[in-house]
Amino acid sequence: MHKDFSKNCRRCKLWKHRTNVIFGKGSKYAKLVIVGEAPGRNEDECGRLFCGRCGEMVDELLKACGLTRKDVFISNACMCRPPNNRRPKNKELKACRPRLRKTLKNIGQAIIVLGKSATQSILKRDYIEWGRMYYKFGKPVVCLKHPGWLLRNPAYYTFYEAEFKQTVKSLLSVNNEVIKFLNKKRWKKRSEEHTSEL
């Protein structure tokens, strides 16, 4: 799915700092896609998504939902580590956006987005409500705080876990009829916009 983006990618300047390009991983038949922000130091060193303490937390959250990584597809909005683990810049997110859009269009029936940078890259909104259901690529999307936030705020873990479980349950319960209805609204809106331009 990501091999159109080479391990030698130089679409932005992050190639100068990275050790590895971190591709998305999981089942191409997964119903749920999870999108993080960008690799951190641990991910860049080990060459895979969500490792270290943050990765353990993601595994714990999935386990609480009766899932493992094999049941979902996980990716990042940015495939290379920004220096000093800073947030990826808009131009860096833009460089990875074609790859991310292809993933989100072709895999899964629902999307969980983790963190502000990933949310802005996907929804292109300056303001969002955490936990609210949005709609993109013909699929329901819910945005949550990045699990890394819990490393700084461990007292909120129980609350976050409950919200994560409810989010997964809500997204996977959105049936195909609802998705078809949303798609019809989407194409009707596009048709009206096109007509108004003629």
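Below is a summary of the structure that appears in this document. (Residues numbered from 1 in each chain as written. Predicted model: local features only at pLDDT ≥ 70, side-chain atom pairs only at ≥ 80, totals over all residues. Heavy atoms only, no water.)

## Concerning the environment of Arg99
With respect to the helices, strands and loops of the structure, Arg99 is situated in helix H3 (residues 90–106). Relative accessible area serves as the criterion here: at 1%, Arg99 is assigned to the buried category. Along the primary structure Arg99 and Phe23 are separated by 76 residues, whereas in three dimensions their C-alpha atoms are 9.8 Å apart. (Helix = DSSP H or I, 4+ residues; strand = E, 2+ residues; numbered from the N terminus. Buried < 20%, exposed > 50% of the residue type's maximum accessible area, 1.4 Å probe, protein only.)

## A word on unusual backbone geometry
A positive phi angle is found at Asn85, which is not glycine, with a value near 60°. Its place among the elements puts Asn85 in the loop between strand E3 (72–76) and H3. For Phe137, which is not glycine, the phi dihedral falls at a positive 60°. Here Phe137 shows up in the loop between strand E5 (133–136) and strand E6 (139–144).

## Side note on the sheet that holds strand E4 (residues 110–114)
Here six strands make up an open sheet; going across it, the order is E1-E3-E2-E4-E6-E5 and the pairing mixed. A single partner strand is all that each edge strand has here, and the edge strands are strand E1 (25–26) and E5. Across the sheet, helix H4 (residues 116–123) is in contact with strand E2 (32–36), E4, E5 and E6; its angle to E4 comes to roughly 135°. (Pairing = 2+ DSSP bridges. Contact = heavy atoms within 4.5 Å. Axes fitted to C-alpha atoms, helices over the stretch in contact; angles between N-to-C directions.)

## Overview of the side chain of Ser121
Turning to its location among the elements, Ser121 is positioned in helix H4. Setting aside anything within four residues of it in sequence, one finds Ser121 in contact with Ala77, Leu93, Arg97 and Leu100.

## Considering the side chain of Lys139
Secondary-structure assignment places Lys139 in strand E6. Take Lys139: its relative accessible area is 8%, and that puts it in the buried class. In this structure the side chain of Lys139 is engaged in a polar contact, spanning 2.4 Å, whose partner is the backbone oxygen of Leu104. A polar side-chain atom of Lys139 sits 2.8 Å from the main-chain carbonyl oxygen of Ile107. Apart from the residues within four sequence positions on either side, Lys139 is in contact with Leu104, Lys105, Asn106, Ile107, Gly108, Gln109, Ile111 and Tyr134. (Polar contact = N/O pair within 3.5 Å; in protein donor to acceptor, adjacent residues only side chain to side chain.)

## A look at the pairing of E5
It is a general feature of regular strands that their side chains alternate between the two faces of the sheet. Where E5 and E6 come together, four bridges link them in antiparallel fashion. Across the sheet, the residue bridging to Tyr135 is Pro140, located in E6. Between E5 and the antiparallel strand that follows it, E6, lie two residues; Phe137 among them carries a positive phi value of about 60°.

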